[in-house]
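# Observations on chain architecture
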Amino acid sequence: MTKRPPYTTRTRGIHELYAEDPETADRLLWGREVDPLTRRGFLKRSSLLAMAAAVGGSIPFADRMPGGLIPAALAQSDEPFSLEGKEGLTVLNDRPINAETPAHLLDDDITPAEHMFVRNNGIPPELEDIDADSWELEIAGESCENPQTFTISDLKERFEQHTLQLQVECGGNGRSEYVPSASGNQWTTGAVACPTFTGVRLRDVLEACGIKDDAVYIGYYGADRHASGNPDKEAISRGVPMEKALEDESLIAWAMNDEDIPYLNGYPLRLVCSGWPGSVSGKWLKRIVVRNQKHDGAKMAPPSYSIPEHPVAPGSVVPDEDFVTIESMPVKSLVTYPRSGIEHALGESLTVRGHAWAGDLSVEEVHVSLDFGATWQQADLQPPPNRLAWQRWSTTVGFPEPGYYEIWAKATDSDGRSQPMVVPGWNPKGYLNNACHRIAVQVT
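How each quantity is defined
Residues numbered from 1 in each chain as written. Predicted model: local features only at pLDDT ≥ 70, side-chain atom pairs only at ≥ 80, totals over all residues. Heavy atoms only, no water. Helix = DSSP H or I, 4+ residues; strand = E, 2+ residues; numbered from the N terminus. Buried < 20%, exposed > 50% of the residue type's maximum accessible area, 1.4 Å probe, protein only. Contact = heavy atoms within 4.5 Å. Areas by Shrake-Rupley, 256 points an atom, 1.4 Å probe, with all protein chains shown as cover. Pairing = 2+ DSSP bridges. Patch = residues over 30% accessible without salt bridge, like charges linked within 9 Å, V, L, I, M, F, W, Y side chains within 5 Å. Salt bridge = Lys/Arg side-chain N within 4 Å of Asp/Glu carboxyl O. Lys, Arg positive; Asp, Glu negative; His and termini not counted. Charge placed at Lys NZ, Arg CZ, Asp CG, Glu CD. Phe/Tyr/Trp six-rings, centres within 6.5 Å; stacked < 30°, edge-to-face > 60°. Lys NZ or Arg CZ within 6 Å of the ring centre and 35° of its normal. Polar contact = N/O pair within 3.5 Å; in protein donor to acceptor, adjacent residues only side chain to side chain. Arc of directions from axis to C-beta. pLDDT = per-residue confidence, 0-100.

Of the regular secondary structure elements, the chain holds six helices and 28 strands. When each of the 444 residues of the chain is scored for burial, the buried share is 52%. Counting contacts in the chain only where the partners sit at least 6 residues apart, residues at least 24 apart contribute 69% of the total. A total accessible area of about 20100 Å² is found for the chain, and carbon and sulfur atoms account for 48% of it.

Turning next to the sheet that holds strand β22 (residues 350–357). Taken in spatial order, the four strands of this open sheet run β20-β22-β26-β25, and their pairing is antiparallel. On the outer flanks of this sheet lie β20 (332–337) and β25 (380–381), each paired with one strand and no other. In the sheet, β25 pairs with strand β26 (residues 391–397) via two bridges, with the strands oriented antiparallel. Bridge assignment links Asp380 to a residue of β26, and that residue is Ser394.

The next thing to look at is a negative patch on the surface. A cluster of acidic residues, Glu309, Asp320, Glu321 and Asp322, forms a negative patch at the surface. As for its placement among the helices and strands, Glu321 is situated in the loop between β18 (306–308) and β19 (323–325).

Before going further, it helps to examine the environment of Gly398. Topologically, Gly398 is positioned in the loop between β26 and β27 (403–413). Residue Gly398 is classed as partly exposed on the basis of its relative accessible area, which comes to 46%. With 48 residues separating them along the chain, Gly398 and Leu350 place their C-alpha atoms 6.4 Å apart.

What follows deals with the pairing of strand β12 (residues 217–222). Across the six residues of β12, five count as buried, placing the element largely inside the fold. When β12 meets strand β17 (residues 285–291), the two strands line up antiparallel, connected through six bridges. Considered in β17, the bridge of Tyr220 is made with Ile288.

Quick look at the sheet that holds strand β23 (residues 363–369) now. Hydrogen bonding along the main chain pairs the strands of a sheet, whether they run parallel or antiparallel. The sheet built from five strands is open, its strands ordered β21-β28-β27-β23-β24 with mixed pairing. Either end of the sheet is taken by a strand with one partner, and the two such strands are β21 (342–344) and β24 (377–378). Here six bridges tie β23 to β27, and the two strands are oriented antiparallel to one another. By the bridge assignment, Val363 is partnered in β27 with Asp413.

What the rule picks out here adds up to six aromatic pairs. Ring geometry for Phe117 versus Trp187: centroids 6.3 Å apart, planes at 85°, classification edge-to-face. Here Phe117 is found in the loop between β4 (97–100) and β5 (118–119), whereas its partner Trp187 is found in the loop between β9 (168–169) and β10 (192–193), with 70 residues between them in sequence. With respect to burial, Phe117 and Trp187 carry one shared label: buried. Look at Phe372 and Trp408: their rings are 6.3 Å apart centre to centre, the planes differ by 80°, and that puts the pair in the edge-to-face class. Of this pair, Phe372 sits in the loop between β23 and β24 while Trp408 sits in strand β27, and the two are 36 residues apart along the sequence. When its relative accessible area of 43% is taken as the criterion, Phe372 is described as partly exposed. By relative accessible area, Trp408 is classed as buried at 9%. One Lys or Arg, Lys286, reaches over the ring of Trp135 and ends 4.3 Å from the middle of that ring.

Checked against the element boundaries, Glu406 lands in strand β27. For the pair Glu406 and Leu370, spaced 36 residues apart in sequence, the C-alpha separation works out to 5.8 Å. The residues contacting Glu406, other than those within four sequence positions of it, are Ser369, Leu370, Phe372, Arg438 and Ile439. At 2.6 Å, the side chain of Glu406 and the side chain of Tyr404 are in polar contact. A distance of 2.8 Å separates a polar atom in the side chain of Glu406 from a polar atom in the side chain of Arg438.

Take the side chain of His115 next. Relative to the helices and strands, His115 is located in the loop between β4 and β5. Among residues more than four places away in sequence, those in contact with His115 are Glu87, Leu89, Thr101, Leu105, Leu106 and Asp108.

Okay, helix α5 (residues 202–209) next. Listing the buried residues of α5 in full gives Leu202, Arg203, Val205, Leu206 and Cys209. Viewed along the axis of α5, the buried residues span an arc of 165°, placing them on a single side of the element. Phi for Gly210, located one or two positions after α5, is positive at around 85°.

Looking now at the side chain of Ser274. When you line up the elements, Ser274 lands in the loop between β16 (270–272) and β17. Side-chain polar atoms of Ser274 contact the backbone oxygen of Leu388, separated by 3.2 Å. Not counting residues within four places of it along the chain, the set of residues in contact with Ser274 comprises Leu166, Gln167, Lys244, Asp360 and Leu388.

We now examine the confidence of the model for the chain. Averaged over every residue, the pLDDT of the chain is 89; the share at 70 or more is 82%. Under a pLDDT of 50 for its full length, residues 1–11 has, in the predicted model, 15 contacts with residues more than four places off or in other chains. This stretch, residues 76–81, has a pLDDT under 50; its non-local contacts, to residues over four places away or in other chains, come to six contacts.

Have a look at this one:
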């Protein structure tokens, strides 16, 4: 029997799409059809709105825009596209940069820097413009008693340092499985990581600056720019309630895995508020504000990082007032070994392992199934190295006869909630998909 290679996919960035076939790129990205006579690109209203959103403003002469032409706002460089310091990631978009990690590359207990996914909402500051020695963080806001500015050296000298392993996951991880499709990067399973971070507690810094009694929220601002390049727009500015900000595990970090934070993951300084959507853990951190109201920065308003307050039918239009902001992420697990698509000899046992996590909670149990969820066997589960880190699970399985099998993993959290076998309730932005992860094994 001929051994077939594992099935793999690769999602291409906008520059590569246009380089391969500009007219096809027009159709795939914007739904723009090119007139064969005039060579102008015809944009339906929905397509025009999509392009306008991508470039950051209306396009007055859109009807005259040549077909097959990448908007200049998205093509400011002709340098070959690459991911600084990354290896093996699947690129979903290159402006802003977003790339996920195949599940089998997440098998390490501590995620290596080169396998840490990238989720950016804007354009990172130029690396050559970053001077870690002079980088400053401002603490301010209407509910801050004594606004101050700190260099990274100040943070290291004035406050106790902590190193914790902390899980970070994009709120849209798993979005690709929703039907009908939800807007946004079509993450599969790899927008998650659990490296170590070193820094100081956010609480210690806030308390040194004074927290007024009316404080209810914090918000962050970074040095990244809006994808349109418009300096008057923020790429993202999110935050968390004070209770989350003051947790022991909420850090202002300058190191990841005992080295500088990777450039694409927020070098030289970032916020880490683990267990909630990764978007609350601001990168290239420049300013934190203590608020007397829910933070109202970019990407805080619905539908960004929000889900309907009540279940809705797939494809529904949900009014903004019916959304709630996502907080703790749901229980989830990942099979990291073996790689999906392997062949395995009948009669030989197979070791299966992975990770499980549960937002602000811990994982109580992990089970695996070989028969599409008809029966389950419990896996061995290790405790987390610290709160808000993922947990390693492992087990050994055997196969009764040759054929095609799927190994499914299901985690249960400390409140008794388990992962669903199928994609959970649809929502317009495709957030919080925690359906069971599964891999394919061909037994011969």
